[in-house]
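Close look at the chain arrangement
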Amino acid sequence: MITHRPSGATDCPIVALCLLCRNNEDLLPFYVDRMGFEIRRREEGFIQMMCESGISLCLWEIGHIRQHIGYEVWPAGNRTGKVACTVELGSQADVDAHYHKLLSAGVEIGAAPKTFSWNAYAFYLSDPDGNCWEFYHWLGGGPQGDT
């Protein structure tokens, strides 16, 4: 855990994570029905959901972005995820519980939780547009390589 402010860091609290998507409606069953998010705000091309941490998780259609900012943010045909959303959980048991909850909700997960070399117990999945999700817990001693 970084306990100091890096030199040159700006004061910019992150308030939202926007996942770029092709069609919000296609992703809603994944995020609402399977992941359990609740919609807070819905506009043309944009959906906002709230996380318990207070950070907004948003789905923003690439066609809507292109229309308003004037350039392509995600080239056609590219399904490669551009972001990884990480969820830190309180224990290995919490990781296992989330894994089983998501599986029972119909979320496809590549592999069961396991211990990784960076000292985390985790599992990973992707949404229908290829955005990666990580659910993890730091094992004893916390993350490796902190400065």
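In what follows, the accompanying structure is described. Predicted, not measured: the structure shown is a model, and the values here were computed from it.

Concerning the sheet that holds strand E8 (residues 132–138)
- The 4 strands are arranged E5-E8-E7-E6 in an open sheet whose pairing can be described as mixed. Among the strands making up the open sheet, the edge pair consists of strand E5 (84–88) and strand E6 (114–116). Between one strand axis and the next, the sheet turns by 40 degrees as a mean value, whatever way the strands run.
- Pairing analysis gives 5 bridges linking E5 to E8, with the strands arranged parallel. For Glu88, the partnering residue across the bridge sits in E8 and is Tyr136.

Things to note about helix H3 (residues 92–104)
- Here H3 is 13 residues long and its end C-alpha atoms lie 18 Å apart, about the 18 Å a rise of 1.5 Å per residue gives.
- On its buried face, H3 is in contact with helix H1 (24–34), strand E7 (120–126) and E8.
- The backbone nitrogen of Ala93 has a side-chain oxygen 3.3 Å away, supplied by the residue at the start of H3, namely Ser91.
- Downstream of H3 by one or two residues, Gly106 has phi in the positive range, about 95 degrees.

Cut-off values and rules
For every chain, the first residue of the written sequence is number 1, and numbering continues from 1 onward in sequence order. For this predicted model, a pLDDT threshold of at least 70 governs which residues receive local features, and a threshold of 80 or more governs which side-chain atom pairs are given and counted, while totals over whole chains, interfaces and linings are taken from all residues. Derived side-chain values reflect all non-hydrogen atoms in the structure, with water molecules and hydrogen atoms excluded from consideration. A pair of strands is treated as paired once DSSP finds two or more bridges between them. Segments assigned H or I by DSSP are reported as helices when at least four residues long, segments assigned E as strands when at least two residues long, and all are numbered from the N terminus. Think of each axis as a best-fit line through the C-alpha atoms, taken over the contacting stretch in the case of a helix, with angles from 0 to 180 degrees between the N-to-C directions. In a helix, the anticipated span is given by 1.5 Å times the number of residues less one. Note on contacts: a residue pair qualifies if any of its non-hydrogen atoms lie within 4.5 Å across the two residues. Polar contacts here mean pairs of N or O atoms no more than 3.5 Å apart (in protein, one a potential hydrogen donor and the other a potential acceptor; neighbouring residues in sequence count only if both atoms are side-chain atoms).

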